[in-house]
Each structure stands twice: as C-alpha cells, then as structure tokens.
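Observations on the model geometry
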Amino acid sequence: MLASIEISVVVPCYNESCVLKEFHTRLGIVMESIGHTWEVVYVNDGSSDQTLAILYDLQKQDKKVAVINLSRNFGKEIALTAGLDHARGTNGVIVIDADLQDPPEVIQSMVSVWSHDIDMVYARRRMRDGESILKKITSWMFYRVMAKLGNRIVIPPDTGDFRLMSRRLLNDLLQMRERHRFMKGLFCWVGYPSKELLYERAPRSGGKTSFNYWSLWNLALEGITSFSVFPLQLVTYFGFAVSFVSACYGIWIIMNTIIIGSHVKGYASLMSVILFLGGVQLISLGVIGEYIGRIFNETKNRPLYFVESYRNYAPKPENNK
Ligand code: UDP
Ligand code: MG
C-alpha cells in the first residue's frame, strides 16, 4: 500500500466527534470517484471528546485511514504541519477541515483543475454563510492589511487552508520549521504556479468553532509579525514625527520665554505631553516585545509537536525535526 499512494488528504481534528463519521463517508465517496490511490491522515490534536475513539474506529473499518495522535492540543497550524509531515502521497496532498465547512465534494473540482504545471489549487470562499457580520468585517480587514504589509507575498483573500498541493511544493513547505506558523502565509511564501477555485463555504455541520475573537486576533498578529517588520518601522516613523513636533514646540516655548518672559503656566500642556509620550513609549515597547517574544520562542528550537500514538503509520525518525 505504501508505495502506491498518490494523493494524501490531511485533516486536523480537535473535538470533532459529531461530524467525523459523516465527514469520512463523504470524503470516501469523493476520493473513490476521482480514481487516484489515496489515504487520509487524521491528526487528533489533543481532543477532549470522543474524537480519538471515533478515528480509531474509522481506521479499523477503512485501511485508507491513518491516525496521528498528538500528545496534547498544539493548535491547528501545528496539527496541520504534523499531518503534512506524515502524508505519503507521492503526487499531491489535500488539506481540509473536519467540520464540513469545506465540502469534501469540492476536492473533485480541485483535482480536475490541477495539472502538471500547477503546484497549488486553493479554494476561495464565495461567501461566508453562518458567520457573524463582525467576523466578516474583521477577516476582510485582515486580508487587506496583509496585502499591504506582506513584503511581495500576496495572501489571497477569503482563502483558508483548504487546498491541494503538489509533492514538490509540499517538500519545500516542510523545510520551514518555524514555531510561529502562519500556514496561510507559508503556503504562499513557497511560491510556484497556483490556481484559484471558487466554492461556497458551508456553515459548521456540528460542534463549535475553537476560534474566538481573541484567538483570531492572535492569529492575525502571528500573520503580520511572521511576514512583516512594518510595525517596527511604523514605531520608528512615529518616533520621528513626534520628535519633530516636540522640537517645533520646544523652539516656540524658548522664543516665547525670550521675547515675552516666563510665566509659570502650562501645567495642562506639560501633563498632556508627558502622558502622550508615556503612552507612545509603552506601545512602542509592546510592538518590540511582540517581536522579541517570537525570537525567544524560535531560539529555543523545540520540536514542533510530539506524537503519542500512530495507527496505520510507521513513524519516520526524520519527521518533526
Ligand atoms: N483544529 C485543530 N486544533 C485546534 C483547533 C482546531 O486541529 O486547536 C481543527 C478543527 O478540528 C478543524 C479545523 O482545525 O478541523 C478548523 O477549526 P475550526 O472549524 O474551529 O476553525 P474555523 O473554521 O472556525 O476557522
Ligand atoms: Mg471550521
């Protein structure tokens, strides 16, 4: 079986017990109709519900299933990386969420659009059903900010992780072992010809999203700090601007004192300038701190994840360096 797998499907799973069976049935139907040999690698990302037991059941019934059980919850980006590390497909790898928001049926169009001279087919949402207005607005803003700051890499808007990649692109992607992983950005950073496929994103079929606004904000921060040092430059420019205005104000005060003489006044202006500068300095330290924190985490050079158990998979020691 090992040598003949052409396409791997990688599915990170965190507390997805209510949708997994339906997901696997639908995925199986689609993959069988495509006519390539395939496997599906489910990564259990430290779920606290019945996810792992269900995955083991699926594996018993279907030898195309491989299960990677991580030692704890590492978060989607790392669970996805673990799955990609273990994918055996020689031609291509598909990444899809377990919650049926990415309909497995779209894979059929993905494979048909895919050709030898295209290394990636990414699915772009036509609309975001079942998501709040605030989430739509914030995600719209995020993609626009990233487009401005992305340093020549353009992350396509309204695109998640749902995509098909060639083996060549995947091998290059897996060389990037940074701890702060913003996968959507990394996929694009690799480059190679890619193609867009529009699809309707469905609402979650069951369970609930593990991304609240706080984690989405952190993901956005990860995206910006992983791909741009613009916030650091912004602080510098802001510093210059404030210094220039302060210098002008200083000259005005000195001239005033020389010409008119000194009256001990100006408590309000003194306080507001001190408070304003204090605020600016704290924000600047915070921005620098965000980057230093990331440098700190990267220098520890820890493995990205640990695997607790495998099913239908012989672990390769070179994985997860
Ligand atoms: N996921 C994961 N680890 C986590 C959180 C999520 O593996 O810590 C998986 C989850 O099971 C799903 C995918 O990542 O397959 C997307 O998660 P979710 O649906 O919660 O995100 P959203 O669609 O709301 O962005
Ligand atoms: Mg989802």
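All of the points below concern the structure found in this document. What you see is a predicted model, and the numbers here were worked out from it, not measured in a lab.

1. Regarding unusual backbone geometry
One non-glycine residue with positive phi stands out, namely Leu100, at about 70 degrees. Residue Asp158 is not a glycine yet carries a positive backbone phi of 55 degrees. Within the secondary structure layout, Asp158 lies in the loop between helix 5 (133-149) and strand 6 (159-166). Relative accessible area serves as the criterion here: at 19%, Asp158 is assigned to the buried category.

2. Some remarks on the packing of helix 1 (residues 20-34) against helix 4 (residues 106-113)
Where helix 1 contacts helix 4, the two axes come as close as 9 Å, and the packing angle between them is 25 degrees. Classified by the interaxial angle, the pair formed by helix 1 and helix 4 is roughly parallel. Between helix 1 and helix 4 lies a crossing whose hand is right-handed. The residues of helix 4 that touch helix 1, namely those facing Leu27, Val30, Met31, Ser33 and Ile34, are Ile107, Gln108 and Val111. Across the contact of helix 1 with helix 4, the residue classes tally to six nonpolar, two polar and no charged.

3. Considerations on the coordination of the magnesium ion (ligand 2)
Every protein donor of the magnesium ion (ligand 2) is accounted for by Asp99 (OD) and Gln101 (OE1), and the metal-donor separations fall at 1.9 Å. What makes Asp99 buried here is its relative accessible area of 3%. For Gln101, a relative accessible area of 9% puts it in the buried group.

4. Examining the nonpolar core
Counting 41 residues, the largest nonpolar core has Leu70, Leu84, Met165 and Leu173 as its most contacted members. Sequence-distant contacts of Leu84, that is, excluding residues within four places in its chain, are made with Val10, Val93, Val95, Met165, Leu170, Leu173, Leu174 and Met183. Met31, Tyr56, Val65 and Leu100 belong to the second-largest nonpolar core, a separate cluster that totals 35 residues.

5. Some remarks on the layout of surface pockets
Estimated volume of the second largest pocket: approximately 340 Å³. Contributing to the lining of the second largest pocket are 13 residues, with Ile253, Asn256, Thr257, His263 and Lys265 lying nearest its centre. When contributions to the lining of the second largest pocket are tallied by element, the ones reaching two or more residues are helix 9 (230-260) and helix 10 (267-300). Counting residues per element, the lining of the second largest pocket draws most heavily on helix 9, which supplies six residues. Looking at side-chain class alone, the lining of the second largest pocket contains five nonpolar, seven polar and one charged residues.

What counts and how
Residues numbered from 1 in each chain as written. Chains lettered and ligands numbered in written order. Predicted model: local features only at pLDDT ≥ 70, side-chain atom pairs only at ≥ 80, totals over all residues. Heavy atoms only, no water. Helix = DSSP H or I, 4+ residues; strand = E, 2+ residues; numbered from the N terminus. Buried < 20%, exposed > 50% of the residue type's maximum accessible area, 1.4 Å probe, protein only. Axes fitted to C-alpha atoms, helices over the stretch in contact; angles between N-to-C directions. Parallel < 35°, antiparallel > 145°, perpendicular 65-115°, else oblique. Left-handed = near helix turned anticlockwise from the far one by under 90°. Contact = heavy atoms within 4.5 Å. Nonpolar A, V, L, I, M, F, W, Y, C, P; charged D, E, K, R; others polar. Donors = N, O, S within 2.8 Å, 3.2 Å for Na, K, Ca; no water. Core = buried A, V, L, I, M, F, W, Y, C linked by side-chain atoms within 4.5 Å. 1 Å grid on protein atoms, 1.4 Å probe; cavity = no way out; pocket = protein on both sides within 12 Å on 5 of 7 lines; lining within 4 Å. Points joined across faces, edges and corners; volume = space filled by probe spheres on them.

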